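Spelled out from the first residue to the last, the chains are:
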Amino acid sequence: MNKPLKILGIAGSLRRHSYNRGALRAAQQLVPEGATLDVFDLAGIPGFNQDEEQNPPHKVVDLKRHIREADAILFVTPEYNYSIPGVLKDAIDWASRPYGDSAWNGKPAAIMGASIGGIATARAQYHLRQIMVFLNMFPLNQPEVMIGNAAERFDADGNLTDEATKDYIRKLLQNLVEWTRRIKQPEAN
Ligand SMILES: Cc1cc2nc3c(=O)[nH]c(=O)nc-3n(C[C@H](O)[C@H](O)[C@H](O)COP(=O)(O)O)c2cc1C
């Protein structure tokens, strides 16, 4: 019997009624058997400062520990000005440093994102995929979960209400679990 896989979910919005935080909460209800999904809250992540990378703030130490303990990462990103939000980039940069001590190295990952617009975070998601090249992460390709017109799919508190979107998230998580097992146990395939 396989050990349960640990997925760490990170949402790139700090907003109280965030659609992306809501999508991550929904994902916690949709995780397949054999996996768990814990959330790391980026509130309190400071702006990256290379002067402090050898002795990073507690929040960053905690983030790196959570990443290292996880088998896979689920990024849930808003799109800010056609890219990922600064707080998510800061978190990524902190956890990638100092050089040679990146917590991201070799981690499988999945991406989803929600936007009030119709392009549905596509541009931000492709920026995140580009970032993962240098991080040496292994992003899952499909399904691409791009949740557009979010105001129609979430309630006023940011809870996901759209059943079709839940199905996409369910499939994303199933594929992430299979992808992670393939990467962790290549000899079994
Ligand atoms: C600084 C800023 C930039 C934004 N840029 C974009 C953008 O480039 N594309 C887009 O689809 N939505 C953009 N939006 C709108 C976001 O989709 C919307 O604010 C969304 O609710 C953010 O996600 P959240 O609900 O998880 O906080 C932007 C919002 C802010 C605050």
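Description of the structure in this document. (Residues numbered from 1 in each chain as written. Predicted model: local features only at pLDDT ≥ 70, side-chain atom pairs only at ≥ 80, totals over all residues. Heavy atoms only, no water.)

**Examining the overall build of the protein**
Alright, step 1. Along its length, the protein carries five helices and six strands.
Alright, step 2. The N-to-C order of helical and strand elements in the protein reads β-α-β-α-β-α-β-α-β-β-α.
Alright, step 3. Relative to a compact globule of 189 residues, whose C-alpha radius of gyration would be 16 Å, the protein shows 16 Å and is just as compact.
Alright, step 4. With respect to the three principal axes, the spread of C-alpha positions in the protein is 45 × 40 × 25 Å.
Alright, step 5. Relative to its 189 residues, the protein shows a buried fraction of 47%.
Alright, step 6. Of all intrachain contacts in the protein linking residues separated by at least 6 positions in sequence, the fraction that spans at least 24 positions is 77%.
Alright, step 7. Charged side chains in the protein number 22 positive and 22 negative. The centres of these two groups are separated by 2 Å. (Helix = DSSP H or I, 4+ residues; strand = E, 2+ residues; numbered from the N terminus. Rg over C-alpha atoms; globule rule 2.2 N^0.38 Å. Buried < 20%, exposed > 50% of the residue type's maximum accessible area, 1.4 Å probe, protein only. Contact = heavy atoms within 4.5 Å. Lys, Arg positive; Asp, Glu negative; His and termini not counted. Charge placed at Lys NZ, Arg CZ, Asp CG, Glu CD.)

**Topic: the site of the ligand**
Alright, step 1. Near the ligand there are 13 residues, and of these Ser 13, Arg 15, Ser 18, Asn 20 and Ser 115 occur at the shortest range.
Alright, step 2. Tyr 19 has a polar backbone atom sitting 2.9 Å from an oxygen atom of the ligand.
Alright, step 3. A distance of 3.4 Å separates an oxygen atom of the ligand from a polar atom in the backbone of Ile 116.
Alright, step 4. Starting from 620 Å² of accessible surface for the ligand in isolation, the protein chains cover 73%. (Near = heavy atom within 4 Å. Polar contact = N/O pair within 3.5 Å; in protein donor to acceptor, adjacent residues only side chain to side chain. Areas by Shrake-Rupley, 256 points an atom, 1.4 Å probe, with all protein chains shown as cover.)

**Regarding the environment of His 127**
Alright, step 1. Here His 127 lies in helix H4 (residues 122–135).
Alright, step 2. When the C-alpha atoms of His 127 and Ile 84 are compared, they prove to be 7.1 Å apart, with 43 residues separating the residues in sequence.
Alright, step 3. Residues within four places of His 127 in sequence aside, it is in contact with Tyr 82 and Ser 83.
Alright, step 4. Separated by 2.8 Å, the side chains of His 127 and Ser 83 make a polar contact.

**A word on the packing of helix H2 (residues 58–69) against helix H3 (residues 86–95)**
Alright, step 1. Contact pair H2 / H3: the axes reach a minimum separation of 9 Å and the direction vectors enclose 75°. Taken as axis vectors, H2 and H3 run roughly perpendicular relative to one another. Touching Val 60, Leu 63, Lys 64 and Ile 67 of H2 are Ala 91, Trp 94 and Ala 95, all from H3.
Alright, step 2. Taken together, the residues of the contact of H2 with H3 sort by class into six nonpolar, no polar and one charged. (Axes fitted to C-alpha atoms, helices over the stretch in contact; angles between N-to-C directions. Parallel < 35°, antiparallel > 145°, perpendicular 65-115°, else oblique. Nonpolar A, V, L, I, M, F, W, Y, C, P; charged D, E, K, R; others polar.)

**Brief notes about the side chain of Thr 180**
Alright, step 1. Along the chain, Thr 180 falls in helix H5 (residues 163–184).
Alright, step 2. For Thr 180, the residues in contact, after removing those within four places along its chain, are Leu 5, Asp 71, Ala 72 and Pro 108.

**A word on the packing of aromatic side chains**
Alright, step 1. This model, assessed by the stated rule, comprises three aromatic pairs.
Alright, step 2. Ring plane angle 45° and centroid distance 5.5 Å describe the contact between Phe 75 and Trp 104, whose orientation is recorded as tilted. Of the two residues, Phe 75 is situated in strand E3 (residues 72–76) and Trp 104 in the loop between H3 and strand E4 (108–114); the sequence distance between them amounts to 29 residues. Residues Phe 75 and Trp 104 agree in their burial class; the two are buried.
Alright, step 3. One Lys or Arg, Arg 15, reaches over the ring of Tyr 19 and ends 5.2 Å from the middle of that ring.
Alright, step 4. Stacked on the ring of Tyr 82, the Lys or Arg Arg 123 has its end atom at 3.7 Å from the ring centre. (Phe/Tyr/Trp six-rings, centres within 6.5 Å; stacked < 30°, edge-to-face > 60°. Lys NZ or Arg CZ within 6 Å of the ring centre and 35° of its normal.)

**A word on the environment of Asp 157**
Alright, step 1. Position of Asp 157 among the secondary structure elements: in the loop between strand E6 (145–147) and H5.
Alright, step 2. Note on Asp 157: relative accessible area 45%, which makes it partly exposed.

**Some points on the pairing of E3**
Alright, step 1. Within E3, five of the five residues are buried, leaving the element largely enclosed by the surrounding structure.
Alright, step 2. Along E3, one buried face is formed by Ala 72, Leu 74 and Val 76 and the opposite face, lined by Ile 73 and Phe 75, is buried too.
Alright, step 3. Sheet analysis places strand E1 (residues 5–11) next to E3, joined by five bridges and oriented parallel. Bridging from a neighbouring strand, Ile 7 pairs with Ala 72 of E3.
Alright, step 4. Relative to E4, E3 runs parallel, the two sharing four bridges. Each residue of the ladder has a partner; that of Phe 75, found in E4, is Ile 111.
Alright, step 5. Taken together, E3, H3 and E4 constitute a β-α-β crossover, and its handedness is right-handed. (Pairing = 2+ DSSP bridges. Right-handed = clockwise from strand over helix to strand, strands pointing away.)

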